[in-house]
Amino acid sequence: VTDDRTLAALDQRARAAATGVRAAVAERPVPAFDPDLLRIDVDARGDRPERPPRSRSVVAVLAAAAAVLVVVAAVVALMGTGDPDSAPTDREGVGEARRYVLDEAPEGYALSSVLDTDETLPFDPTSAQPVGPVAVYGPEVRTPRLGVLVYPPDPGAPPGALPSLVDGQPEVEVPGRRAWEVDEGFVRNGIAVEVDGAVVVVAGAAADRTELVAVAAIVEADGDRATVPEGLLPEGLEHLGRAHYLDLMAGVDGLRSVDAGDRLWTVAYVQPGDDGEPQGVIAVSAARGDAVRARVPMLATTDVEDVTVRGHDGLLARTTFEPTGLGALTLTWEERPGEIVQVAGLDALGEDVLLDLAEGLRTIEADDVPTLRRDAMEAAASGPGVTVVGRGAFATGGDWILLHHSDTDSTSIETTAANGGSSSTFGGSGGEIDADGEPVPDTDALRGGVGYGGGPDGAWAYGLLGDDVAEVVIRGDGVSSPPVTIVEGDGLRGWVAELPASRGSDVPAYEIRALAADGTVLQTREISS
Amino acid sequence: MTTDDVATGGTGRAGPSGFDEMYRADWHPVVALGWTLTGSRTAGEELAQDAFLDAYRRWGHVGSLDRPGAWVRRAVANRAVSHRRHLRVVEAGTARLATAARVAQSAHDTAPPDTDPAFWAAVRALPERQAQAVALHYLEDMAVDDIAALLAMRASTVRVHLSRARRTLARTLSTIAPEEDA
């Protein structure tokens, strides 16, 4: 029961929060408006059909998000596949990642997704803000101490503008250079320093302050790469290798490692709660990588512990997510030369259980993957509050199930299509805008919006339908009326369409029309980046 | 900014030369709206840039509206929804890790404590229309009729959204004090 007093307290808190946001926003001046600076044609690639210029929209926003995370990530950072020329060859990852699964999931956990990227990455780096690799330094591979990277300017910022990373940060004295302290997210104990117009981040959770300042004073920037001149390295440091920024927080936060783009194999197990929301999660990943990669979490956190796993040296990293206080455990080790394996879970699982799970990992072959995907799909369909609206198969391979979730009144699609695993879930009401920027009114024809999901191997759109809809027609980039399957189940009607694979994070523009039997357009919605 | 200001987009009726005025007057509140609905200040600024750019390109139409500032806010509110959906697309393969992803996101998008990030995180967890209505209501002290006009909904629908949203927020936030999320 929510009484008036509670609501009054809520209102008070809400208004204070709003005041805080307004004050924080007002701290930054209104940027000069320049339509030329604001426009980036993300599709200006020769292998794509010419399209009208578009605003940066979500693609740029994603790039911005990546840039923000880089601070975070960069130093963490990560993967040793970035720079074969400058990394010592005997430490460069050249191995092959096998497909690891839990021998037996803990009670209550069920397989939920399978990502087998193999040769195709799920994330298209060309559509994101280009960020340079991270150079990793330390006395030896087992103990990396600091990393350096060029931090990109904010998207759309005028030339020469400092990135917002340093906004409001206290300045720190670095001989001959402007520098600021950075200590947030996964960047612990860092210094951002201006180098020839670029901003370079130097950080290491356990690095000595004097050492950081010394490196900040000599680090060089060449394009998107930061380097400490070898002859000037402080005593006790050597170049251990380079890492890729896209592998955000892997090693510290293995639960998000799939986002990074160069995980070759990931399976996830979820423990659903009574409300259908995940209460626990375990991720098992494998990727090509080297020993530098397995130890690089030490740059981002001091909350690490050396452990032995499967007879190898492993690193157990702990992370706490604020403000919830939810914690994660990530265990990383080099299973064999060139192959990095990782097992991550929420800390409620317990370190001993996580280690036991890692000890019990087994590998499967490529031929076993379809069965695994089918298991994941069926597990999703049997969850609490889930109704199967219909089933079908894609022409290009793989089955699908259209699901309705009663708790959120949303739809999702589960597939066995390669790397389709668990697709994105769209739901709720409205939210779309038409070509004139006007909101599309809610109607029952395309109930609750439309969903779009998929990856490099295929994409699909889906949703629920009102009773009056007889046909769904889709038009869009390079697509003219793809087949749309209409299904009915348990009192619900839905539709699913197979679409060309999307590239990277760029969602093509599509128009979805719901038609009545007499051809009347009942509702139109759009999908686009 | 008062409700009346919002109702006129902060600039009143804008003519062909009114874009700059609107941009200067509405930049901050529009960024605030995008920030609170996406959970990322950077994303909020990006959405604001895109919305103002679109308004600029369509100024012949937008500038003739009674409330061009409302047009920009609507674009940001709707794109914030698309933004969050799109993030889920990018996280294809981890969609079932929603809980972990959400908390991870909140961990990486740090915000000043005075902004009460936990409150806005709870707002974003609401159904999309409820979140939009709540953000407009509290950020800009916007009246129900103005929210309804901006989001192209009936006023009665907005009242229902706000009522449900406030009950949900009161329930979910009752165990999270503002200090805890700094």
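As shown above, the structure is provided for reference.
Note that the coordinates shown come from a computational prediction; the quantities given were computed from them, not determined experimentally. (Residues numbered from 1 in each chain as written. Chains lettered and ligands numbered in written order. Predicted model: local features only at pLDDT ≥ 70, side-chain atom pairs only at ≥ 80, totals over all residues. Heavy atoms only, no water.)

## Here's the deal with the overall build of chain A
Inference 1: Looking only at helices and strands, chain A has six helices and 28 strands in total.
Inference 2: Counting only residues that meet the buried cut, chain A has 56% of its 529 residues in that class.
Inference 3: If you take every contact in chain A between residues at least 6 apart in sequence, the share linking residues at least 24 apart comes to 60%.
Inference 4: Accessible area of chain A: about 20,700 Å², with a carbon and sulfur share of 48%. (Helix = DSSP H or I, 4+ residues; strand = E, 2+ residues; numbered from the N terminus. Buried < 20%, exposed > 50% of the residue type's maximum accessible area, 1.4 Å probe, protein only. Contact = heavy atoms within 4.5 Å. Areas by Shrake-Rupley, 256 points an atom, 1.4 Å probe, with all protein chains shown as cover.)

## Remarks on the sheet that holds strand β27 (residues 510–515) of chain A
Neighbouring strands of a sheet are bound in pairs by backbone hydrogen bonds; such pairs are parallel or else antiparallel.
Residue and element names in this part refer to chain A.
Inference 1: Spatially, four strands are ordered β24-β23-β27-β28 in an open sheet, and the strand pairing comes out antiparallel. What marks the edges here is a single partner per strand, and that holds for β24 (479–480) and β28 (521–527).
Inference 2: Sheet topology places strand β23 (residues 471–476) next to β27; six bridges connect them, and they run antiparallel. Note that in β27 the partner of V473 across the bridge is R513. (Pairing = 2+ DSSP bridges.)

## Observations concerning helix α8 (residues 128–139) of chain B
Residue and element names in this part refer to chain B.
Inference 1: The terminal C-alpha atoms of α8 lie 16 Å apart, and with twelve residues this matches the ideal 16 Å at 1.5 Å per residue to within 8%.
Inference 2: Burial analysis of α8 places twelve of its twelve residues in the buried class, the great majority of the element.
Inference 3: The set of residues buried in α8 consists of E128, R129, Q130, A131, Q132, A133, V134, A135, L136, H137, Y138 and L139.
Inference 4: Backbone geometry just downstream of α8 places D141 in the positive-phi region, at approximately 50°. (Expected span 1.5 Å × (residues − 1).)

## Quick look at the nonpolar core
Inference 1: In terms of nonpolar packing, the biggest core is built from 59 residues, with F52(B), F119(B) and L169(B) touching the most fellow members.
Inference 2: At ten residues, helix α2 (residues 19–38) of chain B tops the list of elements feeding residues into this core.
Inference 3: By size, the runner-up hydrophobic cluster in this structure holds 30 residues, among which are L111(A), L331(A), W333(A) and L361(A). (Core = buried A, V, L, I, M, F, W, Y, C linked by side-chain atoms within 4.5 Å.)

## Regarding the sheet that holds strand β19 (residues 399–405) of chain A
All names here are of chain A.
Inference 1: Taking strand neighbours across the sheet as the criterion, the three strands line up as β18-β19-β20 in an open arrangement whose pairing is antiparallel. Taken across any chain shown, the strands that pair with only one partner, and hence form the sheet edges, are β18 (386–393) and β20 (410–415). Here the strands of the sheet are splayed against their neighbours by 20° on average, with no regard to which way each runs.
Inference 2: Of the strand pairs in this sheet, β19 and β20 are connected by six bridges, and their pairing is antiparallel. Of the residues in β20, the one forming a bridge with I401 is E414.
Inference 3: Sitting on the sheet, helix α6 (residues 369–381) is in contact with β18, β19 and β20, with an inclination near 20° to β19. (Axes fitted to C-alpha atoms, helices over the stretch in contact; angles between N-to-C directions.)

## Things to note about helix α10 (residues 155–173) of chain B
Inference 1: The terminal C-alpha atoms of α10(B), which comprises 19 residues, lie 26 Å apart, in line with the 27 Å expected from a rise of 1.5 Å per residue.
Inference 2: Buried within α10(B) we find A155(B), V158(B), H161(B), L162(B), A165(B), L169(B), A170(B) and L173(B). Burial along α10(B) is one-sided: seen end-on, the buried residues are contained in an arc of 155°.
Inference 3: The secondary structure elements touched by the buried residues of α10(B) are α1 (4–26) of chain A together with α7 (117–124), α8 and α9 (144–151) of chain B. (Arc of directions from axis to C-beta.)

## Things to note about the packing of aromatic side chains
All names here are of chain B.
Inference 1: As enumerated under the stated definition, the model contains eight aromatic pairs over all chains in all.
Inference 2: Considering the side-chain rings of Y23 and W27, the 5.6 Å spacing of their centres and the 50° angle between planes classify their relative orientation as tilted. Here the residue Y23 and the residue W27 both occupy positions in helix α2, the gap between them amounting to four residues, near one helical turn.
Inference 3: Taking the relative accessible area as the measure of exposure, Y23 reaches 5% and is therefore buried.
Inference 4: Plain terms: the ring middles of F119 and Y138 are 6.1 Å apart, the flat faces sit at 75° to each other, and that makes the pair edge-to-face. With F119 in helix α7 and Y138 in helix α8, the pair connects residues that are 19 residues apart, well separated along the chain. The burial state of F119 is the same as that of Y138; both residues are buried. (Phe/Tyr/Trp six-rings, centres within 6.5 Å; stacked < 30°, edge-to-face > 60°.)

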